[in-house]
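Report on the structure
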Amino acid sequence: TPTPEITSLGIYFGNDERKEFLIHVGDEVSLTASHFPMTVAPDYKWSVEDESIASIKVSADGKGITVTGVSVGTTKLILSCYGKTAECTVYVTN
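Residues numbered from 1 in each chain as written. Predicted model: local features only at pLDDT ≥ 70, side-chain atom pairs only at ≥ 80, totals over all residues. Heavy atoms only, no water.

Moving on, we get to the pairing of strand S9 (residues 84-93). Alignment of strand S3 (residues 20-24) against S9, held across five bridges, turns out to be parallel. Bridge pairing links His24 to Thr93 in S9. In terms of strand pairing, strand S8 (residues 73-81) meets S9 through nine bridges, oriented antiparallel. Counted as the bridge partner of Gly73 is Val92 from S9. Connecting S8 to the next strand, S9, in antiparallel fashion are two residues, including Tyr82 with a positive phi near 50°. (Pairing = 2+ DSSP bridges. Helix = DSSP H or I, 4+ residues; strand = E, 2+ residues; numbered from the N terminus.)

Given below as structure tokens:
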């Protein structure tokens, strides 16, 4: 079976694509993934570069995550799907 091809991939807060956001230690933010074309079933893989700064909990369907600020610093969320990658910088403050 050939790997499906998508043309775009993004990380969203509501309807806004996010490349970065600020969160406070202890706060949570929900983000979702989206890709195009939507006719291709997603196979999202979420990760965070430094779990000591921000942690993620992936939703049961894999389409969204909850990000929690753990400690002050900067890290990146990484979303991949069928060879495409989207990143979002997370700034955690007190």
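Once that is clear, we can look at the sheet that holds strand S2 (residues 16-17). Ordered by their spatial adjacency, five strands build an open sheet running S2-S1-S4-S7-S6, and the pairing between neighbours is antiparallel. The open sheet has two edge strands with one neighbour each: S2 and strand S6 (54-58).

This part covers the pattern of salt bridges. Two side chains carrying opposite charge are able to pair once their charged atoms lie near each other. Applying the stated criterion across every chain yields a total of three salt bridges. A salt bridge links Lys45 to Asp43, with the nearest nitrogen and oxygen atoms 2.8 Å apart. For Lys45, a relative accessible area of 47% translates into the label partly exposed. Residue classification places Asp43 among the partly exposed residues on the basis of a relative accessible area of 34%. Across the pair Glu87 and Lys76 runs a salt bridge whose closest N-O atoms are separated by 3.2 Å. (Salt bridge = Lys/Arg side-chain N within 4 Å of Asp/Glu carboxyl O. Buried < 20%, exposed > 50% of the residue type's maximum accessible area, 1.4 Å probe, protein only.)

Across the junction of Phe36 and Pro37, the peptide omega takes the value 0°, indicating a cis bond. As for its placement among the helices and strands, Pro37 is situated in the loop between strand S4 (28-36) and strand S5 (45-48). Located in the positive-phi region is Tyr82, a residue other than glycine, with phi close to 50°. Within the secondary structure, Tyr82 is located in the loop between S8 and S9.

The next subject is the nonpolar core. Ranked by internal contacts, the top residues of the largest apolar core, which has 23 residues, are Phe21, Leu31, Leu77 and Leu79. Put simply, the parts of the chain that give this core at least two residues each are strand S1 (8-13), S3, S4, S5, strand S7 (64-69), S8 and S9. For this core, the element with the most residues is S9, which contributes four residues. (Core = buried A, V, L, I, M, F, W, Y, C linked by side-chain atoms within 4.5 Å.)

This part takes up the state of the cysteines. In this structure the tally under the stated criterion is zero disulfides. No disulfide involves Cys81; its nearest neighbouring cysteine sulfur is the one of Cys88, lying 17 Å away. (Disulfide = S-S within 2.5 Å.)

Right, let's get into the pairing of S5. Of the two faces of S5, the one holding Trp46 and Val48 is buried and the one holding Lys45 and Ser47 is not buried anywhere. Inspection of the sheet shows S5 paired to S8 by four bridges, in the antiparallel sense. Each bridged residue has a counterpart across the sheet, and for Trp46 the counterpart in S8 is Leu79.

Don't take any of this as a statement about function, it's just geometry.
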